[in-house]
Structure formats: C-alpha cells, structure tokens
Amino acid sequence: MEEAPLQFIETWNAWGKIAAIGFIALAMIRVAYHFLTLLTTKDLKKKYDFIILKEISALWTAVVLLLIGVGILANSFIAEIGVFWFIIRGFVTLVAALLIGIISSNMLKFYYPFNLEKRLKRLRFTPRISPKSGKPMKLMSEDEEDVYLDEGMQAEENVFSIDYDVWLDEETGFTKIEKYSGHLHATECPECSYQTYKVIKEELLRKPTSTEDGELIKYYECGFCDHRSQSNHRIGQLVIHDEQKDTSKEAAS
Ligand SMILES: [Zn+2]
C-alpha cells in the first residue's frame, strides 16, 4: 500500500485542528446566542415567540456544526498511514456523524417538544404585570375575553387556530392582548402520545354573526405516526361593540 505523503498529512493535521476548533466554537456561539437572547428578553410573550420560532433550529444548527467540528478533529491526529486507510477513516467518521445527526434530529423533533411545551405553558400563563399599577393582571376566560376583542379578532380566534389571551388589570382597566398561533404549536397526539399533533386545515361551514353561532371543522394530523382526525367546533356569536371601548389597549402579536 502506498504511503500518504508526509507533507500532506502534516498540513492536513494542522489545518484540520484549526477548522475543527472553529466549527466547535461556532456551535457553542449559536447555542449561547439563543439562550442569552432569551435571558435578556423580559417580555414573556416575546420569550414565548422566540422559543417557538428559534429554539429547535438553533439547537439543530449547533448539532450540525459540532458534528462537523468533532469529525474533523477526530481525523486531524493522523500519523503516517496509507492513503487507503486515510480514506477509510474519513468514510467511517462520515457514517458515524450521519447516524448521530439522524438520531439528534429525531430527538429534537419528537422528544424535545415535551420540554419545550412545559416551558411555553409556564411563559404563557405566568401573570403579566400591569405597567399602569405594577400589579399582576388577570387572564380573562374565553367567555369574558370577547368583550375586549374586536370583531375581526373574535372571528380570527375562531377560524384560524389563533388564540387571543386577554390580560386585565382590574384596578386600572388596562388590557394587554396577546396573539397565539395554533399552526406553530403542536399538541399531544392521541395515538402515539408524541407532541406532534397539529391543525393542518380548517373549514368554515357557517360564519358566526351577532345573532347566530357558526360552525367550523378542524383537521388534525400527527407528524410522527400520521394519525389524522377532524373535529367540529361551535363558534360563539360575535360580540359587537356599540362604541369604542374606553380602555387602553396594547396589542402584542
Ligand atoms: Zn401520532
């Protein structure tokens, strides 16, 4: 078997270590950036949105960078070996990295959401502090909140898997309205119990008016086991506001 030229191996070892450290550092920076941003974000709703939009992709990017870094590092302490073994070694590393990558990707998709869900619930239901009185506000129930939502919001809430949370400062009447999108948010699948059950389509059978209920069908699909189901929903009548409410509103989207 032909020996790999010594010069090449030396150069490869030296640059490999530098590149490896670079990739590993980038992986750590990616994760640190995400969690530092979370730590420095005070608003709970903004934290919620940041987690739901960014966390899994941030972790996945870090995993890929880390695997590339560790893979190169593992191959940058090469003594004099033949070209054949150099290639075999690289190939084995690649296969191992791909396997770990696939396992990590599945963990992030199917197990990690359980952890995510717990944190998101806490963020969503921790009482908001009123900027007017400095006191915790009260979360309105589905029935109470319609008074605070305009007709567009009420219709949207019923049709597009969107939830509005209305927080009321009972002392001053200040309200904070937060919008949560159901499409971004998976729930527990009744079939496989993973946190992968999502609304994929909605069909409005009858629009609600100010005098009559509406009706809606929601179609669900599981991203893990492909379980599907549909359910009918009654849509409450719209509460029409006679006059513009006197309360100050802050709509956070
Ligand atoms: Zn399922």
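One structure accompanies this document, and this report is about it. All values derive from a computational prediction rather than experimental measurement.

**Considerations on the nonpolar core**
Okay, so step 1: Judged by nonpolar contacts, L38, Y48, F50, I51, L59, L108, Y112, L116, L120, L123 and Y180 together constitute the single largest core of 11 residues.
Okay, so step 2: Only α2 (44-74) and α3 (83-125) provide two or more residues apiece to this core.
Okay, so step 3: Counting residues per element, this core draws most heavily on α3, which supplies five residues.
Okay, so step 4: When near neighbours in sequence (up to four residues on either side) are disregarded, I51 contacts L38, L116, R119, L120 and L123.
Okay, so step 5: Counting residues in each nonpolar core, the second largest holds nine residues, with Y148, L149, M153 and I177 among its members.

**Some remarks on the sheet that holds strand β5 (residues 214-222)**
Within a sheet, each strand pairs with its neighbour through backbone hydrogen bonds, oriented either parallel or antiparallel.
Okay, so step 1: Within the open sheet, the three strands sit side by side as β4-β5-β6. Their pairing is antiparallel. Unpaired on one side and paired on the other, β4 (197-206) and β6 (228-235) mark the two borders of the sheet. This sheet shows a mean twist of 25° between the axes of neighbouring strands, independent of strand direction.
Okay, so step 2: Pairing of β5 with β6, which is carried by eight bridges, proceeds in the antiparallel orientation. Across the sheet, E215 pairs through a bridge with R234, a residue of β6.

**Concerning helix α1 (residues 6-40)**
Okay, so step 1: For α1, with 35 residues, the first-to-last C-alpha span of 51 Å sits near the 51 Å given by 1.5 Å per residue.
Okay, so step 2: Taken together, the buried positions of α1 are occupied by I9, N13, G16, A20, I24, A27, H34 and L38.
Okay, so step 3: Buried positions along α1 lie against α2 and α3.

**Some words on the coordination of the zinc ion**
Ideal geometry at a metal gives 109.5 degrees between four tetrahedral donors and either 90 or 180 degrees between six octahedral ones.
Okay, so step 1: Those protein atoms acting as donors to the zinc ion are C189 (SG), C192 (SG), C222 (SG) and C225 (SG), and they sit at 2.3 Å.
Okay, so step 2: Around the zinc ion, the four donor atoms sit at angles spanning 108 to 113°, and that spread fits a shape best called tetrahedral.
Okay, so step 3: Each donor residue of the zinc ion belongs to the same chain, and together they define the spacing C-x2-C-x29-C-x2-C.
Okay, so step 4: C222 sits in the buried class, given a relative accessible area of 0%.

**Some points on the pairing of strand β2 (residues 162-168)**
Okay, so step 1: Within β2, six of the seven residues are buried, leaving the element largely enclosed by the surrounding structure.
Okay, so step 2: Strand direction decides the pairing type here: strand β1 (residues 138-139) and β2, joined by two bridges, are antiparallel. The residue bridging L139 from the neighbouring strand is W167, located in β2.
Okay, so step 3: A loop of six residues connects β2 with strand β3 (residues 175-181), the two strands running antiparallel in sequence, and G173 in this loop sits at a positive phi of about 80°.

**Comments concerning the packing of aromatic side chains**
Okay, so step 1: Considering all chains together, one arrives at nine aromatic pairs under this definition.
Okay, so step 2: Residues Y197 and Y220 carry aromatic rings whose centres are separated by 5.3 Å and whose planes lie at 10° to one another, so their mutual orientation is stacked. Placement of the pair is Y197 in strand β4 and Y220 in strand β5, with a sequence separation of 23 residues.
Okay, so step 3: Judged by relative accessible area, which is 17%, Y220 ranks as buried.
Okay, so step 4: Here a set of aromatic residues connected by ring pairs shows up, and it is made of F110, Y111, F114, Y194 and F224.
Okay, so step 5: Over the ring of F77 we find K17, and its NZ or CZ is 4.4 Å from the ring centre.
Okay, so step 6: Here R124 stacks its cationic end above the ring of Y180, 4.1 Å away from the centre of that ring.

**Focus: the pattern of salt bridges**
Okay, so step 1: If you walk through the whole model with that rule in mind, you get 11 salt bridges.
Okay, so step 2: R119 is paired through a salt bridge with E55; the nearest N and O atoms lie 2.7 Å apart. Linking R119 in helix α3 with E55 in helix α2, this pair joins segments that are 64 residues apart in sequence.
Okay, so step 3: Residue classification places E55 among the buried residues on the basis of a relative accessible area of 0%.

**Some points on the packing of α2 against α3**
Okay, so step 1: Contact geometry for α2 and α3: axes closest at 10 Å, N-to-C directions at 165°. When the axes of α2 and α3 are compared, the pair comes out roughly antiparallel. With respect to the hand of their crossing, α2 and α3 are arranged in right-handed fashion.
Okay, so step 2: Across the contact of α2 with α3, the residue classes tally to 17 nonpolar, five polar and five charged.

**Some points on the environment of E142**
Okay, so step 1: When you line up the elements, E142 lands in helix α4 (residues 142-145).
Okay, so step 2: In this structure, the C-alpha to C-alpha distance between E142 and D163, residues 21 residues apart in sequence, is 9.4 Å.
Okay, so step 3: Setting aside anything within four residues of it in sequence, one finds E142 in contact with E157 and D163.

Thresholds, definitions, all that
- Residues numbered from 1 in each chain as written.
- Predicted model: local features only at pLDDT ≥ 70, side-chain atom pairs only at ≥ 80, totals over all residues.
- Heavy atoms only, no water.
- Core = buried A, V, L, I, M, F, W, Y, C linked by side-chain atoms within 4.5 Å.
- Buried < 20%, exposed > 50% of the residue type's maximum accessible area, 1.4 Å probe, protein only.
- Helix = DSSP H or I, 4+ residues; strand = E, 2+ residues; numbered from the N terminus.
- Contact = heavy atoms within 4.5 Å.
- Pairing = 2+ DSSP bridges.
- Axes fitted to C-alpha atoms, helices over the stretch in contact; angles between N-to-C directions.
- Expected span 1.5 Å × (residues − 1).
- Donors = N, O, S within 2.8 Å, 3.2 Å for Na, K, Ca; no water.
- Tetrahedral: all angles 85-135°; square planar, octahedral: opposite > 155°, others 65-115°.
- Phe/Tyr/Trp six-rings, centres within 6.5 Å; stacked < 30°, edge-to-face > 60°.
- Lys NZ or Arg CZ within 6 Å of the ring centre and 35° of its normal.
- Salt bridge = Lys/Arg side-chain N within 4 Å of Asp/Glu carboxyl O.
- Parallel < 35°, antiparallel > 145°, perpendicular 65-115°, else oblique.
- Left-handed = near helix turned anticlockwise from the far one by under 90°.
- Nonpolar A, V, L, I, M, F, W, Y, C, P; charged D, E, K, R; others polar.

No statement about biological role is implied by the geometric values presented.
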